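Per-entry structural report
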Amino acid sequence: MNASSDRPIGMFDSGFGGLTVARAAIDLLPDEKLIYIGDTARYPYGPKPAKDVRGFAIELATSLVRDFDVKLIVVACNTAASVALGELQRSFAVPVIGVVEPGARALIRQTRNKRVGVIGTTGTIDSGAYDAAVKDAANELGESIDLITIACPGFVEFVERDETSGSAVTELARRLLAPMREAEVDALLLGCTHYPYLRDVIGQVLGSDVRLVDSALVTAITVRQTLADLDLVRVATRGEVVTRDFYSSGDAAHFFNLGRRFLGPELTNAKAWPI
Ligand code: DGL
């Protein structure tokens, strides 16, 4: 292991959603140190203008590089990745990985009838990022795919207030997802990192014939491959407790309490960002 590989992986999201990606990264890459920033003071990103979200993304990525010396950045937010990934990749010397392309490739691998859906925030869906990524992924595999995309305003808010089941969120899901049922998609990408927390509700509304795909694991696999290609894989020493630090731009105590319920025991602290 070289000195560069000892540096942490940096990750950010507007709030708790990116913890689905953090969970997968911890499971797949348990030796890697992690810095996670949840921008809860400015969440939700979904309804905000693309230029504002781009500004937040640049600010967060700058902090990850400058304040934490990360070796790679994961944009664990579909909304930010949809509007800012290219600019981030051009602006920083470290690799920057988004969730959109890995998710689109995973989606295409899951369909049998070639009719797929993507749900996300208004910002993500309006950006057209998934239309382009699904088309590219389908072309790569020589497939012809029908895609339907739907914005699901309200889903993120249910997750952020820890209301991931019950009649209100189920009713909203039934209303928003009706066009997916009509289009008879057989694979649906949860194109917002918050949505895996609503997997049960979405699965119940769409039925067991529809495969639900999320980008957490495939993004973690992309991170592992990128680190390996650049000789940046970290190997923990025997008995080492690998450090993982979590920051929130909003209420850090709330982030700790809810974040720990979502992520699990590895979330041992939450501090205020900016530091
Ligand atoms: N979790 C984010 C995403 O994947 C953003 C949700 C939001 O802040 O609106 O799009």
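This is a predicted model, so every value here is computed, not measured.

1. Details of the overall build of the protein chain
Looking only at helices and strands, the protein chain has 11 helices and 10 strands in total. Buried positions account for 55% of the 275 residues belonging to the protein chain. Considering only contacts within the protein chain whose residues lie at least 6 apart along the sequence, 76% involve residues at least 24 apart. Counting only carbon and sulfur atoms, one obtains 50% of the accessible surface of the protein chain, whose full area is about 11600 Å². Distance from the positive charge centre (29 side chains) to the negative charge centre (35 side chains) of the protein chain: 2 Å.

2. Re the environment of Arg-23
Of note, Arg-23 is situated in helix H1 (residues 19–28). In this structure Arg-23 touches Leu-263, Gly-264 and Glu-266, once residues within four positions along its chain are discounted. A polar atom in the side chain of Arg-23 sits 2.7 Å from the backbone oxygen of Leu-263.

3. Thoughts on the side chain of Thr-121
Along the chain, Thr-121 turns up in the loop between strand E5 (115–120) and helix H5 (122–127). Among the polar contacts made by the side chain of Thr-121, one reaches the side chain of Thr-79 at a distance of 2.8 Å. Among the polar contacts made by the side chain of Thr-121, one reaches the side chain of Thr-124 at a distance of 3.1 Å. Beyond its immediate sequence surroundings of up to four residues, Thr-121 is in contact with Gly-46, Thr-79, Ala-151, Val-156, Cys-192 and Tyr-195.

4. Quick notes on the site of the ligand
Of all residues adjacent to the ligand, which total 13 residues, the nearest are Ser-14, Tyr-45, Asn-78, Thr-79 and His-194. Taking Asn-78, its main chain carries an N or O atom lying 2.8 Å from an oxygen atom of the ligand. Within the complex, the protein chains bury 99% of what would otherwise be the 300 Å² of accessible surface of the ligand. Residue classes in the shell around the ligand are distributed as 5 nonpolar, 7 polar and 1 charged.

5. Focus on the pairing of strand E7 (residues 187–190)
A regular strand carries its side chains on alternate faces of the sheet. Residues Ala-187 and Leu-189 of E7 are buried on one face, and the alternating residues Leu-188 and Leu-190, pointing to the opposite face, are buried as well. Across 4 bridges, the pairing between E5 and E7 is parallel. The partner of Val-116 across the bridge, within E7, is Ala-187. Bridge count for E7 against strand E8 (residues 211–214) is 4 bridges, and the pairing is parallel. Counted as the bridge partner of Leu-188 is Leu-212 from E8. Tracing the backbone out of E7, into helix H9 (residues 199–206) and back to the parallel element E8 gives a crossover that is right-handed.

6. A few points about unusual backbone geometry
With the exception of glycine, most residues fall at negative phi, and the peptide bonds are largely trans. Residue Pro-44 is reached from Tyr-43 by a cis peptide bond, and omega for that bond is -5°. Cis geometry marks the peptide bond from Trp-273 to Pro-274; its omega dihedral reads 5°. Mapped onto the fold, Pro-274 is located in the segment after strand E10 (271–272). With a phi angle near 60°, Asp-162 is a residue other than glycine that sits in the positive phi range. Looking at where Asp-162 falls in the secondary structure, it is placed in the loop between helix H7 (155–160) and helix H8 (167–182). Located in the positive-phi region is Asp-231, a residue other than glycine, with phi close to 55°. Position of Asp-231 relative to the elements: it lies in the loop between helix H10 (216–229) and strand E9 (244–248).

Calculation rules
Residues numbered from 1 in each chain as written. Predicted model: local features only at pLDDT ≥ 70, side-chain atom pairs only at ≥ 80, totals over all residues. Heavy atoms only, no water. Helix = DSSP H or I, 4+ residues; strand = E, 2+ residues; numbered from the N terminus. Buried < 20%, exposed > 50% of the residue type's maximum accessible area, 1.4 Å probe, protein only. Contact = heavy atoms within 4.5 Å. Areas by Shrake-Rupley, 256 points an atom, 1.4 Å probe, with all protein chains shown as cover. Lys, Arg positive; Asp, Glu negative; His and termini not counted. Charge placed at Lys NZ, Arg CZ, Asp CG, Glu CD. Polar contact = N/O pair within 3.5 Å; in protein donor to acceptor, adjacent residues only side chain to side chain. Near = heavy atom within 4 Å. Nonpolar A, V, L, I, M, F, W, Y, C, P; charged D, E, K, R; others polar. Pairing = 2+ DSSP bridges. Right-handed = clockwise from strand over helix to strand, strands pointing away.

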